[in-house]
Amino acid sequence: MKIHETAFIVSTYRSYHEDISKDIYAKLWNNPDTDALIPEILTTVSKHEAILHSLRNRFFYEEIRGFFKANNGGTLINFGSGFSMYQFSFDSSIATIEIDKKDIIDYKKDKIDHWTKEHKLPNRDIQYTAIDFNQNSIQQIIATLSPMIKKKPIFILIEGVFFFLDRKTTDKLFTVFKELQNPGDMVGCVTYLPDVEQTEVYKRLLHYFDSHNDTNDSFSHQTIPHSYFSKIKGYTLKEHTDEFELSKIYTTDTNINSKKEILNETMYVLERH
């Protein structure tokens, strides 16, 4: 499986539970090839994946919306944006910078432009850029993004990405974030905590990726401890929760009884100080 295929899978998951994810545009990305992939994942990895990704989206939907409402607009910088559609659910006072690998960015821009012309999407201020987080240096990433930022404050989102990176690249990105942001700006991010590595569902996830992986599209299997986020230089940990806890708030019929039975991701919100 190529990493970009996960972008289609996650957007389809969000479309299954619009009332939870609040992403009414996710279904635009649905396609037969992805529809054919998902049943095997839900059967062999976890039947809860669609609802969990919808809960993750809901958490950041609420956090981003609240941040920009309090600040009367600003810029959302979405690192590893995939096919996320947050900006279309917010008003036009929010500018967006979308970052991903070139094939995803080119495809997404073409589709967004087309759907906007067809009035399937509202007009939004969106800029796109292709950056390889592993290959590009701190200086190169900053030089690319700094001229693109026209509105303050900044909310940086990096969602569903750390799993595919190593710790060195993760550290590099937080150095980039610190240079781009001012005090009061926010970073929203997601990780698996190391405890998940002992669960059967996580082992099934790794087996699925490894058995379906394209050898030319390798990725890391990273988990990050909670302590990492409480000690990042330049940032204060403001909030954290996980999908298990969110399921208690937004769902009543998922039958999730334990964190150990799901691929339980933890969401963090950090404030630049």
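Another point: the pairing of strand E5 (residues 186–192). Within E5, seven of the seven residues are buried, leaving the element largely enclosed by the surrounding structure. Alternating residues of E5 divide into Met186, Gly188, Val190 and Tyr192 and Val187, Cys189 and Thr191, and every residue in both groups is buried. As paired elements, strand E4 (residues 154–158) and E5 share four bridges and run parallel to each other. Residue pairing for E5: Phe155 is matched across the bridge by Met186.

This paragraph deals with the pairing of strand E2 (residues 94–100). Among the seven residues of E2, seven are classified as buried, and the element is accordingly described as predominantly covered. Side chains Ile94, Thr96, Glu98 and Asp100 project from E2 onto one buried face, and the interleaved Ala95, Ile97 and Ile99 project onto a second face that is buried too. In terms of strand pairing, strand E1 (residues 74–79) meets E2 through six bridges, oriented parallel. Across the sheet, residue Leu76 finds its bridge partner in E2, namely Thr96. In this fold, E2 hands off to helix H5 (residues 102–117), which returns the chain to strand E3 (residues 126–130); that crossover is right-handed.

Conventions used here
- Residues numbered from 1 in each chain as written.
- Predicted model: local features only at pLDDT ≥ 70, side-chain atom pairs only at ≥ 80, totals over all residues.
- Heavy atoms only, no water.
- Buried < 20%, exposed > 50% of the residue type's maximum accessible area, 1.4 Å probe, protein only.
- Helix = DSSP H or I, 4+ residues; strand = E, 2+ residues; numbered from the N terminus.
- Pairing = 2+ DSSP bridges.
- Right-handed = clockwise from strand over helix to strand, strands pointing away.

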